Amino acid sequence: WTWLITAYLLIAVMPVLAGAVTMLLTDKYFGTSFFNAAGGGDPVMFQHIFWFFGHPEVYIMILPAFGIVSQIIPTFARKPLFGYASMVYATASIAFLSFIVWGHHMFTVGMPLAGELFFMYATMLIAVPTGVKVFNWISTMWRGSMTFETPMLFAIAFVVLFTIGGFSGLMLAIAPADFQYQDTYFVVAHFHYVLVPGAVFSIMAAAYYWLPKWTGHMYDEKLGRLHFWCSAIGVNILFFPQHFLGLAGMPRRIPDYALQFAEFNMISSIGAFIFGFSQLIFLWVVIKCVRGGEPAPAKPWEGAHGLEWTVPSPAPHHTFQTPPQITEAEAHS
């Protein structure tokens, strides 16, 4: 479902990006004035066109991650995904709403008050289906027989840290507050909490989850957990201080900064090196797994590893609200 909906987003927004790039290139090389105010163009129009592409684009990056996590959490909680249908509707709602929130990147360009209010409320509204998904993941884990193999660790870290990024996004959605946060490191902290522990952690979870299928070998669990903890600690040391930098007034996109920001920037740099070097562990895990190791069973996360539940895809024909009806012959067998 997430891949299908992501495909529709891609089809809808890529031509918009192509149009923006084409207009920009003709302005630069052929003397047109789409965005050049000197020739009667509108520089703010570029922002509108770019962000009309740019906001659905961030959901193009995160929706497949939602699908990955919705596959992994039920496996290691040994429970079916809670609220399968609501997950699908939430994904579709996020995709639809992603087309009407682009203006929240532009609260400070001088748009009319009605425009600011519209984009503020639309952005707050998109938090609802996202919250539904987080609730469903937590409900799937609730009272499950959980184990904490590496894919599950990355999936849980995804839920926790993605939620932190979601809360800071809700702060940025509030138009009058955004005038303080706009173009500061608070925004950098927000979207990196969504995209690094979000998209990147889910890709790592997927790699560990499917490595046995891809290679025929089980990966080294101890090395996998070491990679997770180094990554999780590093990513928080890297991005959490940036919230404080932004609230203290450090702007984005500058080559240098005032001395008062030095300590937090140093902490952030240390986190960046920890997070970066920890990916060398991941590289070694993958190489080691490809070269050999414990043979993976046909169903790597059950059988030999004691997991009794794997997620059926597509959804089962019953809803799990009541036990499925079975015939007497099936009961005997």
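Please refer to the structure placed before this passage.
Values in this document were obtained by computation on a predicted structure and should not be read as measured data.

## What about the nonpolar core?
- Among the nonpolar cores identified, the biggest contains 61 residues, and Ile62, Phe66, Ile73, Trp137, Phe158 and Phe201 are the most heavily contacted of them.
- The dominant element in this core, judged by the number of residues it contributes, is helix 7 (residues 185–215), at 13 residues.
- With residues near it in sequence (within four places) discarded, Phe201 still touches Phe154, Ala157, Phe158, Leu161, Val196, Ser231, Ala232, Val235 and Phe275.

## Quick word on the pattern of salt bridges
- Here the structure, examined in full by the defined rule, presents four salt bridges.
- One salt bridge connects Glu221 with Arg225, and the closest N-O pair in it is separated by 3.1 Å. Taken together, the residues Glu221 and Arg225, both in helix 8 (residues 221–247) and four residues apart, mark about one turn of the helix.
- Glu221 gets classed as partly exposed once you look at its relative accessible area, which sits at 23%.
- Residue Arg225 is classed as partly exposed on the basis of its relative accessible area, which comes to 35%.

## Brief notes about unusual backbone geometry
- One non-glycine residue, Arg143, lies in positive phi territory at about 60°.
- Residue position: Arg143 is located in the loop between helix 4 (113–141) and helix 5 (150–173).
- Among the residues examined, Arg143 registers a relative accessible area of 75% and is labelled exposed.
- Positioned with a positive phi, Asp183 is a non-glycine residue whose angle comes to about 55°.

## Focus: the state of the cysteines
- Under the counting rule described, the total for this entry stands at zero disulfides.
- With no disulfide of its own, Cys230 lies 19 Å from the sulfur of Cys289, the closest cysteine sulfur.
- Classification of Cys230 by relative accessible area gives partly exposed; the value is 23%.
- Judged by its relative accessible area of 1%, Cys289 is buried.

## Remarks on the packing of aromatic side chains
- Inspection of every chain in the model, using the stated rule, returns 31 aromatic pairs.
- Centre to centre, the rings of Phe46 and Phe50 are 6.0 Å apart; their planes meet at 20°, and the pair counts as stacked. Taken as a pair, Phe46 and Phe50 lie in helix 2 (residues 43–77) at a separation of four residues, close to a single helical turn.
- Residue classification places Phe50 among the partly exposed positions, given a relative accessible area of 28%.

## Describing helix 2
- A rise of 1.5 Å per residue sets the reference length of helix 2, with its 35 residues, at 51 Å; its end C-alpha atoms lie 51 Å apart and thus fit the reference within 8%.
- Of all the bends found along helix 2, the most pronounced is centred on Trp51 and spans about 30°.
- For helix 2, the capping residue at the N-terminal end is Asp42, with a side-chain oxygen 3.0 Å from the backbone nitrogen of Val44.
- Of the residues one or two after helix 2, Arg78 is the one with positive phi, at around 55°.

## Considerations on the packing of helix 2 against helix 4
- Viewed as axis vectors pointing N to C, helix 2 and helix 4 meet at an angle of 20°, and their least axial separation amounts to 9 Å. On the basis of their axis angle, the class for helix 2 and helix 4 is roughly parallel. Here helix 2 runs over helix 4; the crossing is left-handed. Residues Tyr59, Phe66, Val69, Ser70, Ile73, Pro74 and Ala77 of helix 2 form the contact with helix 4, whose participating residues are Ile126, Lys133, Trp137, Thr140 and Met141.
- The class makeup of the residues in the contact of helix 2 with helix 4 is nine nonpolar, two polar and one charged.

About the criteria used
Residues numbered from 1 in each chain as written. Predicted model: local features only at pLDDT ≥ 70, side-chain atom pairs only at ≥ 80, totals over all residues. Heavy atoms only, no water. Core = buried A, V, L, I, M, F, W, Y, C linked by side-chain atoms within 4.5 Å. Buried < 20%, exposed > 50% of the residue type's maximum accessible area, 1.4 Å probe, protein only. Helix = DSSP H or I, 4+ residues; strand = E, 2+ residues; numbered from the N terminus. Contact = heavy atoms within 4.5 Å. Salt bridge = Lys/Arg side-chain N within 4 Å of Asp/Glu carboxyl O. Disulfide = S-S within 2.5 Å. Phe/Tyr/Trp six-rings, centres within 6.5 Å; stacked < 30°, edge-to-face > 60°. Expected span 1.5 Å × (residues − 1). Bend = angle between axes of the 7 residues up to and from the residue. Polar contact = N/O pair within 3.5 Å; in protein donor to acceptor, adjacent residues only side chain to side chain. Axes fitted to C-alpha atoms, helices over the stretch in contact; angles between N-to-C directions. Parallel < 35°, antiparallel > 145°, perpendicular 65-115°, else oblique. Left-handed = near helix turned anticlockwise from the far one by under 90°. Nonpolar A, V, L, I, M, F, W, Y, C, P; charged D, E, K, R; others polar.

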